[in-house]
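Each chain is listed here by its residues.
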Amino acid sequence: MATPRIEVLTGPVTALTLSAETPIATSGAGTLRTINRMRFSLKTESGKGEAFTFTNSSVFCREGDLVSIVRARGRTMPDWSVVALRNHATGQSEEISLALRQACAQKWLSARLRAGIGALALAAGYWIYLALTPPAGADLLPVLGLLVLGFPALWTVLAVTDAYWLPRGEKREIERVRYEIKGRLMPLDVPPPPAKTNP
């Protein structure tokens with residue numbers, strides 16, 4: 001199972017800028033939607049600042065708010081992907097679902113490639129068996145028949161099992177990552193101020 005690495009960057013928001021853009025429709029009658037972008041830098045405990053941009057985010061940030069950005073990286077991913085944002089000052093959070101699914105994707109060899117490898121292995125093993133079994137000498141015809149018939153049979157079986165098991169494995173991995181993210185972010189939330197009491 002492909003388990004992604006999780007990285008949490010926490011720090012105060014600096015250099016915050018908010019912008020809104022409305023694209024111009026070039027043809028046809030469509031509904032124009034405003035694109036809201038939130039850009040800010042996050043200064044982590046290491047002192048290194050990183051810039052981030054969020055589009056149409058449901059999390060509102062102010063300058064100086066303590067926020068955490070969660071990044072994930074699957075085994076086959078070339079770089080980190082942002083999968084969650086949490087504002088510890090307000091308790092708001094947002095999950096980037098597409099990035100999370102990509103990070104948790106179960107990256108196996110394709111069913112066709114595994115079927116080809118399996119068919120070659122079966123044919124080679126059968127050829128060795130024929131070569132060592134008296135009378136000496138291996139007939140290539142049954143070996144080729146096993147290769148020709150074994151490949152589509154293995155391909156079908158592997159494709160069916162992948163279609164059944166891979167989505168379930170990815171779903172379990174996504175839930176595991178969500179649980180880990182929640183456990184790492186919740187303790188960082190800023191407690192609300194104590195309620196005022198009348199003297």
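Refer to the structure printed above.
Everything numeric here is computed off the predicted structure, so don't read it as measured data.

## Observations regarding the overall build of the protein
The secondary structure content of the protein amounts to three helices and six strands. Each helix (α) and strand (β) of the protein, taken in turn from the N terminus, gives the series β-β-β-β-β-β-α-α-α. Long-range contacts, defined here as pairs at least 24 residues apart, represent 59% of the contacts in the protein between residues at least 6 apart. Approximately 13,200 Å² of the protein is accessible, and the part contributed by carbon and sulfur atoms is 62%.

## A short note on the sheet that holds strand E5 (residues 81–87)
Taking strand neighbours across the sheet as the criterion, the six strands line up as E3-E2-E1-E4-E5-E6 in an open arrangement whose pairing is antiparallel. Edge positions in the sheet fall to strand E3 (49–55) and strand E6 (92–95), since each of these pairs with one other strand and no more. Neighbour to neighbour, the strand axes of the sheet diverge by 35° on average, direction disregarded. Across seven bridges, strand E2 (residues 35–43) lies against E3 in antiparallel orientation. Across the sheet, residue Arg-39 finds its bridge partner in E3, namely Thr-53. Strands in contact with helix H1 (residues 97–104) are strand E4 (66–73), E5 and E6; relative to E5, the strand with the most contacts, it is inclined by about 130°. With respect to the sheet, helix H3 (residues 140–185) is in contact with strand E1 (5–21), E4, E5 and E6, its orientation differing from that of E1 by roughly 80°.

## Regarding the pattern of salt bridges
Here the structure, examined in full by the defined rule, presents seven salt bridges. Across the pair Glu-50 and Arg-71 runs a salt bridge, and its minimum N-O distance is 3.2 Å. With a gap of 21 residues between them, Glu-50 in strand E3 and Arg-71 in strand E4 connect regions that are remote in the sequence. Taking the shortest distance from any N to any O, the salt bridge between Arg-176 and Glu-180 comes out at 3.2 Å. One end of the pair is Arg-176 and the other is Glu-180, both in helix H3 and four residues apart, which spans about a single turn. Look at Glu-180 and you get partly exposed, because its relative accessible area is 25%. Connected through salt bridges with shared partners, the residues Glu-173, Arg-176, Glu-180 and Arg-184 form a single ionic network.

## Overview of the layout of surface pockets
In this structure, the largest pocket occupies an estimated 200 Å³ of space. What lines the largest pocket is simply Val-83, Ala-84, Leu-85, Arg-86, Ser-93, Glu-94, Glu-95, Arg-178, Ile-181, Lys-182, Leu-185 and Met-186. If you list the elements that add at least two residues to the lining of the largest pocket, you get E5, E6 and H3. Of the residues contributing to the lining of the largest pocket, the split by class is six nonpolar, one polar and five charged.

Scoring rules and cut-offs
- Residues numbered from 1 in each chain as written.
- Predicted model: local features only at pLDDT ≥ 70, side-chain atom pairs only at ≥ 80, totals over all residues.
- Heavy atoms only, no water.
- Helix = DSSP H or I, 4+ residues; strand = E, 2+ residues; numbered from the N terminus.
- Contact = heavy atoms within 4.5 Å.
- Areas by Shrake-Rupley, 256 points an atom, 1.4 Å probe, with all protein chains shown as cover.
- Pairing = 2+ DSSP bridges.
- Axes fitted to C-alpha atoms, helices over the stretch in contact; angles between N-to-C directions.
- Salt bridge = Lys/Arg side-chain N within 4 Å of Asp/Glu carboxyl O.
- Buried < 20%, exposed > 50% of the residue type's maximum accessible area, 1.4 Å probe, protein only.
- 1 Å grid on protein atoms, 1.4 Å probe; cavity = no way out; pocket = protein on both sides within 12 Å on 5 of 7 lines; lining within 4 Å.
- Points joined across faces, edges and corners; volume = space filled by probe spheres on them.
- Nonpolar A, V, L, I, M, F, W, Y, C, P; charged D, E, K, R; others polar.

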